[in-house]
Amino acid sequence: MELDVPTLLMMLVLTPVLIALAMVTVAWGERHEGLQFWAAGLGINALAYVFFGLRNDISPPISILLGNGLTSLALSYLLAAVLRFQRRALHWPMLLLPPLLLSFALLGLLDNFPLRVVVANLVLAGQTAAILQALYVRRSSTAGRGVALVMAGTALQLLVLLLRAGSGITGALLPQSFLQPGLLQNLTFLSTFAASLITSLGFVFMTKERADEANRRLAALDELTGVANRRSIIAALDRDVGRAIRTRESMAVMMVDIDHFKAVNDTHGHLAGDQVLRCVVDVIQHRIRAQDIVGRYGGEEFLVVLTDTSAQGAQQLAEQLRAAVEATHCTYTCASISVTVSVGVFGGRLEPGDSWDQLIHAADLALYRAKQGGRNRVELAQSLG
């Protein structure tokens, strides 16, 4: 089947423009994640194909220089979009250097078609490889599968550009073949069309997946302290209780409450109180294991879940935390604020039928005794009953 070249060119102009308009609409007024740069790259690439398509209607040097120069500029914008998404610095002189160098190089090669094909496609291939490399090195830090789509589409485009560079060396392409149907030319147009769709959809997915991940984190974390919020810490406790019952391992929980926290707010202000909360969380996080978890259970109350931990081990850790908080001075502006904590601890081996709320209740009763006993102390619950 012979494909109609003007129709293919029309697809390569209209499709990127429509995708770019959709991206601009999506990104309008939102946080800049590179969508605007990607949309600009698509628009510039569409304009490049307009000049390619006018090869027989305008001066060939203008078509060649503007078509290739704009294609290179489009790739620079796509790379800028990836770097912006990754929150890396944009060095525009370096990004704009390839289009300028390519335009000057082609200006001197207008009468040498084979070498012009090789140079143009190698420069474009190098820019495409730079996009692929930028995606690859940060792939593990990009949530979701959108990055895989962008990499797949970019790799496809890189392969076709290298094939075209090879065709310039072998003489498979002729000067008049750009607007004429042929295997390599059809492959170029179709792969460019496919790559534009795949990479653009992938980039949109990347931004959506990042937003979804941020929302999941916000839903699971306490905004002020950065530790698990009440819902997340209870879910973690419920999960670990079930595992402890199945494996017959001991587990423990600690309820940690900052003593006289209202006095801190009244004396130094609520922002100072926020800093004290963060300071206490920092002390706790530096003394628990990676498999343990701390969450903000209430205003100045924190729940610590300790897996595979006996009551004695949890009590010893609680004493260490109490002493560490007492020795720590939380700094806010010019003020050095000292606080203490009271800790209620429950630990032991669980039985079928035991539940997370029983553990919290037992640790809470122990915390109450610590408060009644004078604060700045640790109390151990003897049972769940």
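Residues numbered from 1 in each chain as written. Predicted model: local features only at pLDDT ≥ 70, side-chain atom pairs only at ≥ 80, totals over all residues. Heavy atoms only, no water.

What follows concerns the nonpolar core. Ranked by internal contacts, the top residues of the largest apolar core, which has 36 residues, are Met23, Trp38, Val82, Ile131, Leu135, Phe203 and Met206. Those elements that provide at least two residues to this core are helix H1 (5-27), helix H2 (35-53), helix H3 (60-85), helix H4 (92-107), helix H5 (113-137), helix H6 (146-170) and helix H7 (183-220). The element best represented in this core is H3, accounting for nine residues. Here methionine 23 is in contact with Leu35, Trp38, Ala39, Leu42, Ser200, Phe203 and Val204, once residues within four sequence places are set aside. (Core = buried A, V, L, I, M, F, W, Y, C linked by side-chain atoms within 4.5 Å. Buried < 20%, exposed > 50% of the residue type's maximum accessible area, 1.4 Å probe, protein only. Helix = DSSP H or I, 4+ residues; strand = E, 2+ residues; numbered from the N terminus. Contact = heavy atoms within 4.5 Å.)

So, about the side chain of aspartate 354. With respect to the secondary-structure elements, aspartate 354 resides in the loop between strand S6 (341-349) and helix H12 (356-372). With no salt bridge to any partner, buried aspartate 354 finds its closest opposite charge in arginine 248, at an N-O distance of 7.1 Å. A polar contact is formed between the side chain of aspartate 354 and the backbone nitrogen of glutamate 351, at a distance of 2.6 Å. Apart from residues lying up to four places away in sequence, aspartate 354 is in contact with Val241, Ile245 and Leu384. (Lys, Arg positive; Asp, Glu negative; His and termini not counted. Salt bridge = Lys/Arg side-chain N within 4 Å of Asp/Glu carboxyl O. Polar contact = N/O pair within 3.5 Å; in protein donor to acceptor, adjacent residues only side chain to side chain.)

Axis separation between H3 and H4 bottoms out at 9 Å; the angle between their running directions is 165 degrees. Classed by the angle they form, the pair H3 and H4 counts as roughly antiparallel. The chirality of how H3 crosses H4 is right-handed. Contacts between H3 and H4 involve Ile64, Leu65, Asn68, Gly69, Ser72, Leu73, Ser76, Tyr77, Leu79 and Ala80 on the former and, on the latter, Trp92, Leu95, Leu96, Pro98, Pro99, Leu102, Ser103, Leu106 and Leu107. (Axes fitted to C-alpha atoms, helices over the stretch in contact; angles between N-to-C directions. Parallel < 35°, antiparallel > 145°, perpendicular 65-115°, else oblique. Left-handed = near helix turned anticlockwise from the far one by under 90°.)

This part covers a nonpolar patch on the surface. A grouping of Leu149, Leu197, Ile198, Leu201, Val204 and Phe205 is seen on the molecular surface, where their side chains present a nonpolar patch of about 430 Å² in accessible area. The biggest single contributor to the nonpolar patch is H7, with five residues. Examined against the element boundaries, phenylalanine 205 turns out to sit in helix H7. According to the relative accessible area criterion, phenylalanine 205 is partly exposed, its value standing at 37%. (Patch = residues over 30% accessible without salt bridge, like charges linked within 9 Å, V, L, I, M, F, W, Y side chains within 5 Å. Areas by Shrake-Rupley, 256 points an atom, 1.4 Å probe, with all protein chains shown as cover.)

Moving on, we get to the pattern of salt bridges. Counted under the stated rule, the structure contains 12 salt bridges. Between aspartate 259 and lysine 371 there is a salt bridge, with the nearest N and O atoms lying 2.9 Å from each other. Of the two residues, aspartate 259 is situated in the loop between strand S1 (250-258) and helix H9 (261-268) and lysine 371 in helix H12; the sequence distance between them amounts to 112 residues. Under the relative-accessibility criterion, aspartate 259 is labelled buried at 4%. Between arginine 322 and glutamate 319 there is a salt bridge, with its nearest N and O atoms 3.3 Å apart. Note that arginine 322 and glutamate 319 are positioned in helix H11 (residues 311-327) at a spacing of three residues, about one turn of the helix. Each of Asp257, Asp259 and Lys371 takes part in salt bridges that share partners, so that together they form one network.

Now for the packing of aromatic side chains. Using the criterion set out here, one finds six aromatic pairs in the structure. Relative to phenylalanine 203, the ring of tryptophan 38 has its centre 4.6 Å away and its plane inclined at 15 degrees; by these criteria the two rings are stacked. Placement of the pair is tryptophan 38 in helix H2 and phenylalanine 203 in helix H7, with a sequence separation of 165 residues. In this structure, tryptophan 38 and phenylalanine 203 share a single accessibility class: buried. The structure contains a cluster of three or more aromatic residues connected by ring pairs, namely Phe37, Tyr77 and Trp92. The lysine or arginine in question, arginine 210, covers the ring of phenylalanine 85, its NZ or CZ lying 3.8 Å from the ring centre. (Phe/Tyr/Trp six-rings, centres within 6.5 Å; stacked < 30°, edge-to-face > 60°. Lys NZ or Arg CZ within 6 Å of the ring centre and 35° of its normal.)

Take H3 next. With 26 residues, H3 extends 37 Å from end C-alpha to end C-alpha; this agrees with the ideal 38 Å at 1.5 Å per step. Immediately downstream of H3, the backbone of arginine 87 shows phi near 60 degrees, a positive value. (Expected span 1.5 Å × (residues − 1).)

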